[in-house]
Amino acid sequence: MASVYIPVQNSEEEVRVALDQLPRDASDILDILKAEQAPLDLWLIIAREYFKQGKLEQFRQILEEGSSPEIDEYYADVRYERIAILNALGAYYSYLGKIETKQREKEEHFILATQFYNKASRIDIHEPSTWVGKGQLLLAKGEVDQAFNAFKIVLDGDRNNVPSLLGQACVEFNRGQFSDSLELYKRALQVNPDCPAAVRLGIGLCRYKMGQFEKAWQASHRVLELDPENVEALVALAILDLHTNAAAGIRKGMEKMQRAFELYPYCAMALNYLANHFFYTGQHFLVEQLTETALAVTNHGPTKSHSYYNLARSYHSKGDYDKAGVYYMASVKEISKPQEFIFPYYGLGQVQLKMGDLKSSLSNFEKVLEIYPDNCETLKVLGHIYVQLGQTGKALEFMRKATKIDPNDAQAFLDLGELLISSDAGAAQDCLKTARNLLKKEGQEVPIDVLNNLGILHFEKGEFELAQQTFREALGDGVWAAFIDGKEKAPSIDADASIFQYKDMNMFLQLEKEGHLVKLPWNKVTTLFNLARLLEQLHNTETAAIFYRLILFKYPDYVDAYLRLAALAKARNNLHLSIELVNDALKVNNKSPNALLMLGDLELKNDDWVKAKETFRAASEATEGKDSYATLSLGNWNYFAAIRNEKRNPKLEATHLEKSKELYTKVLAQHSSNLYAANGAGVVFAEKGHFDVSKDIFTQVQEAASGNIFVQMPDVWINLAHVYFAQGNFPLAVKMYQNCLRKFFNNTDSQILLYIARTQYEAEQWQDCKKTLMRAIHLAPSNYTLRFDAGVVMQKFSASTLQKPKKSVDEVRSTVGELENAVRLFKQLSAASSLHFHGFDEKKIDTHVEYCSHLLEAARVHLTAAEHEEQKIRQKQELARQMAIAEEARRKAEEQRKFQLERRMQEDELKRVKQQEEHFERIKEQWKSSTSGSKRRPLDIIDEEGGHSEKRRRKGGKKRRKDKHSRSRYETEEVEAEQMDYQEAPENEDADTFYRESTGHMNEQDDEENAQNPLEAVGLEDSDIEDEAAPADRRKRAWSESDDDEEQQERQPESSPRRENSADVQSDGEGDKPNGDLDDEE
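So, here's what we can say about the structure. (Residues numbered from 1 in each chain as written. Predicted model: local features only at pLDDT ≥ 70, side-chain atom pairs only at ≥ 80, totals over all residues. Heavy atoms only, no water.)

We now examine the overall build of the protein chain. Helix and strand content of the protein chain: 50 helices and two strands. Look at the contacts in the protein chain between residues 6 or more apart in sequence, and 56% of them connect residues 24 or more apart. Total accessible area on the protein chain stands at roughly 59,300 Å², and carbon and sulfur atoms take up 49% of it. (Helix = DSSP H or I, 4+ residues; strand = E, 2+ residues; numbered from the N terminus. Contact = heavy atoms within 4.5 Å. Areas by Shrake-Rupley, 256 points an atom, 1.4 Å probe, with all protein chains shown as cover.)

Written out as structure tokens, the structure reads:
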């Protein structure tokens, strides 16, 4: 145990002072030193011991007292000790200035150090130690050249001054000129070969920095040979052993460090390495002691940097971020380049990140990344910093780079997944799945928070089954599994006691009595809460309530569970129980913003306006006005206060609206993307009549909400429809209401149906309005207001129908039915109006009953008259119908007769054309056969001409008889056609036209034939007859083009025998027979 002895004045006795038991108050030891007029070297020794123990204030107090004017006067003849004390103070303040972070204090410390050195110089300007101290001060200030000059001054006076040589070697070493530093160390050794072995340590250190590890080991080993107890040599050899990274080398290195510490507990390097060892063993008290001692005994920058780093790490691990940051900063300042020692930059960045100094933290981590560009940890930290700075793009870039560098780094995928949750839920889900698979592949347990986040992503995407599986995987086995699987059920509760079921914990006590293990670790509470929220979404509210109660059974201070139970009670319209549960939550935390806001909302719903306002104000004060929802709730309160139906004061209404607008604007100023505040501002503008402005706001909010899958805002759709309604655009308003009803409420919200009905009522669409109200009543049968509205609509429809100047029997009959329904409905409401719960005025309902009864009587009168009038109209319509049927039958019979007549005439005409063609062929044959006979008997020709003339006259008579016969036959056919029974025949105007044309054309042919036949009959030779016969033949053939080729071929053989017969008859003088035969055939 080191001690000093202070001689007692005027006595041979001495006062023994144990250096390790120095008093905490330096005044005690100062009184002894002054009283006994102790030598100044003892002052210096005790002060130095205080410094070694880290008691810097006592150290400074002793030295300042030792350099006071009183001491200077008393010890005027003692020069060296006085200089030593002043130099020690100068060195102390140089040290303080070196570690100080603030520039002003740093300069003050350096000024004091300079003053002490100057004072020492005034005692003896040539004292080398003073110049050496000044050189150290200048080196601390960064004035390397002047420091070199200070050491040079000493060397100029004494070229072989070893401390100056060593000082200059230190300057060169700090400059990075290791070879020059090595030469100076060698020179010092050459000047004094018998100098302490420690001088060779500089040589070994320079060799080490130059990468000459073998020579460095030799130099250190030589030191140990010369001085077996040389601590620095042991430390140097230990460091070289540690750098082998072999287990045996590390073990040998730590043994040497321990030996060095045993030899000299104040070796800075040994202390640093030992502190590093104890840091990993968790012995922070030893770490702090060792590093503080190391800092007290060394001025070497890199060594002090390691000491500060060890000390900073110790405080960092204990959560003392202020001290950790100070020591990290001190460590950084002791090194000139990050490449020399990068770890304090990383630690400093961590502390600054924790303290919220993002920019400084970013700067330090970027320095680390410059040296280690592929360090995944640094990349991940930089990603987190950029997220907090709002630069999500850069954050994603660093995170993705980290996952690419190490695809097996599960933590990198976890960090990337958490970053993507807010922007890309699908990619976040994939990253979390990858992280889970990597952890399972490595045999590690997947953290509950990872599974919890993955389950939430499934939940938000609507994948409820996968979400439930993930939550159950995170929870594992427990009592909750029995409730989910249906093995355990909540005990049945009477209807009278159902109000207390959300606060009943006896079920869990009963389970424990039955031997069930009812445990809920704290790290599973959040996941169980999320599972309960999922069950709420799946409409399994009973099991969800059991889970919330289980959480409260184990953790009665879990506020969110109270609030969810309150929400379930509110959904069941049990406001009393809901308020009671919220108050239970407030007993746990009376400044919980969520609980206060929910209580205010319930009080507002309960029509307790004053309490609601006070509650909202308390919520806002609890968050110091920073909670947007609290401000928004106050805005909503002012809006509802402005539009209250009772006692509406225009001035007060305008004041409330303006206040609500101010609060909504305040929220938007804090969060410009707050859709609810924008919606509220639009509502205020609509209330003030600025419909165009409010419509623009609602449209923008609707577009923003539609693009976000996490935001469901039916209110903005409803408000936009309200604006259309106020502007009189009823069809568009109805369409908007219907879209909202389908999109958000699955067509099951009675309130929106009431909005639709109101719009249809204003549009005078009475029947559509009634149908909409019937749908609403079906959804909310206990809502008597809907029934009243339905009765009013029936009444209004009936009145408007009866006011029409012209109305059908069906309309009047429908009116009677509607009025009967309305009367019955109003009578039902009149019976229930005694219950003030429904809020009906019995007198008003009786008025509606009387009015509808009066309308019903009038409608029945109208119905009787309308039915009588309708009967007359039906009789007239029946008579007209019978006449129309008879007329239609006559018309159809006439058309059928005409059609039959035209068809018969066409058939006869075709038959006559065929006969004429055959007759024409026979005449040609007769004409050819009579040509030769006419040359031999000219007189016969004359006789025959006369004979033919006679016969022609007879033929003409026969022809007239034929026409008469034909007319008789046609008239008979007309009579027969008129006697046919209502036969239908298609109208054929084309056939009629064709008949008329054909008849006219055939009459012309008959005239020509009558003119030509006499010449042919007498056999007169005419050169033009063939030319005239050819076109006639062509015309006749044109009429028979519709005949088939087979019919033409059949007629050809018939004409040949007739031509032979004609020739025979001609030769016998009976040439008129063919004409007679033709007439008979016709």
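More follows now that the structure is in view.
This part covers the environment of Thr-114. For Thr-114, the position within the fold is in helix α6 (residues 103–123). The spacing of Thr-114 and Leu-137 is 23 residues in sequence and 7.8 Å in space, taken between C-alpha atoms.

With that out of the way, let us pick up the packing of aromatic side chains. Taken as a whole and judged by the stated rule, the model has 27 aromatic pairs. The interplanar angle of 70° and the centroid separation of 6.2 Å between the aromatic rings of Trp-522 and Tyr-558 together place this pair among those described as edge-to-face. One end of the pair, Trp-522, is in the loop between α28 (506–513) and α29 (525–537); the other, Tyr-558, is in the loop between α30 (541–554) and α31 (559–571), with 36 residues separating them in the sequence. On the accessibility criterion, Tyr-558 (13% relative accessible area) is buried. Aromatic rings pair up to connect Phe-51, Phe-59, Tyr-92, Tyr-93 and Phe-116 into one cluster. In this structure, Arg-175 is placed above the aromatic ring of Phe-148, and the distance from its NZ or CZ to the ring centre is 5.3 Å. One cation-aromatic arrangement involves Arg-758 over Phe-725; the distance from NZ or CZ to the ring centre is 4.0 Å. (Phe/Tyr/Trp six-rings, centres within 6.5 Å; stacked < 30°, edge-to-face > 60°. Buried < 20%, exposed > 50% of the residue type's maximum accessible area, 1.4 Å probe, protein only. Lys NZ or Arg CZ within 6 Å of the ring centre and 35° of its normal.)

Between its first and last C-alpha atoms helix α40 (residues 730–745) spans 21 Å; for 16 residues at 1.5 Å apiece the expected length is 22 Å, and the two agree. Burial in α40 covers these residues: Ala-733, Val-734, Met-736, Tyr-737, Cys-740, Leu-741 and Phe-744. Summarising the axial view, the buried residues of α40 lie within an arc of 160°, below the 170-degree limit, and thus occupy one face. In α40, those exposed residues whose orientation departs by more than 90 degrees from the buried face are Pro-731 and Lys-735. Lining the buried residues of α40 we find α38 (691–706), α39 (714–726), α41 (750–762) and α42 (766–779). Of the residues flanking the end of α40, it is Asn-746, one or two places downstream, whose phi is positive at about 55°. (Expected span 1.5 Å × (residues − 1). Arc of directions from axis to C-beta.)

Across residues other than glycine, the phi torsion is negative in most instances, and most of the peptide bonds are trans. Look at Asp-607: it is not a glycine, yet its phi comes out positive at around 65°. Looking at the element boundaries, Asp-607 is found in the loop between α33 (593–605) and α34 (609–622). Phi at Glu-764 is positive, roughly 60°, even though this residue is not glycine. In this fold, Glu-764 is placed in the loop between α41 and α42.

In this section: the pattern of salt bridges. Within the structure shown, the criterion is met by 33 salt bridges. With its nearest N and O atoms 3.6 Å apart, the salt bridge here joins Glu-473 to Arg-436. Residue Glu-473 is found in helix α26 (residues 464–475), and its partner Arg-436 is found in helix α24 (residues 425–441); the two are separated by 37 residues along the sequence. Overall, Glu-473 belongs to the partly exposed group, its relative accessible area being 36%. (Salt bridge = Lys/Arg side-chain N within 4 Å of Asp/Glu carboxyl O.)

Across five bridges, the pairing between strand β1 (residues 3–7) and strand β2 (residues 14–18) is antiparallel. Within β2, the residue paired with Val-4 across the bridge is Val-17. The hairpin turn running from β1 into β2, its antiparallel successor, is six residues long, and Asn-10 in that turn takes a positive phi close to 60°. (Pairing = 2+ DSSP bridges.)

In this section: the packing of helix α25 (residues 448–460) against α26. Working note: a packed helix pair is described by the angle between its axes plus the distance between those axes. Their axes nearest at 8 Å, the elements α25 and α26 cross at an angle of 170°. Classified by the angle between their axes, α25 and α26 sit roughly antiparallel to one another. Remark: the crossing between α25 and α26 carries left-handed chirality. From α25, Ile-448, Leu-451, Asn-452, Leu-454, Gly-455, Ile-456, His-458 and Phe-459 reach across to α26, where they touch Phe-464, Leu-466, Ala-467, Thr-470, Phe-471, Glu-473 and Ala-474. The residue inventory of the contact of α25 with α26, partitioned by class, reads ten nonpolar, four polar and one charged. (Axes fitted to C-alpha atoms, helices over the stretch in contact; angles between N-to-C directions. Parallel < 35°, antiparallel > 145°, perpendicular 65-115°, else oblique. Left-handed = near helix turned anticlockwise from the far one by under 90°. Nonpolar A, V, L, I, M, F, W, Y, C, P; charged D, E, K, R; others polar.)

This paragraph deals with the side chain of Glu-536. For Glu-536, the position within the fold is in helix α29. Exposure remark for Glu-536: the relative accessible area of 13% places this residue in the buried category.

Axis separation between helix α10 (residues 178–191) and helix α11 (residues 199–209) bottoms out at 9 Å; the angle between their running directions is 160°. Here α11 runs roughly antiparallel to α10, going by the angle between their axes. For the crossing formed where α10 meets α11, the hand is left-handed. Together, Phe-178, Ser-181, Leu-182, Tyr-185, Lys-186 and Leu-189 of α10 and Val-199, Arg-200, Gly-202, Ile-203, Cys-206, Arg-207 and Lys-209 of α11 make up the contact between the two elements. Counted by class, the contact of α10 with α11 contains seven nonpolar, two polar and four charged residues.

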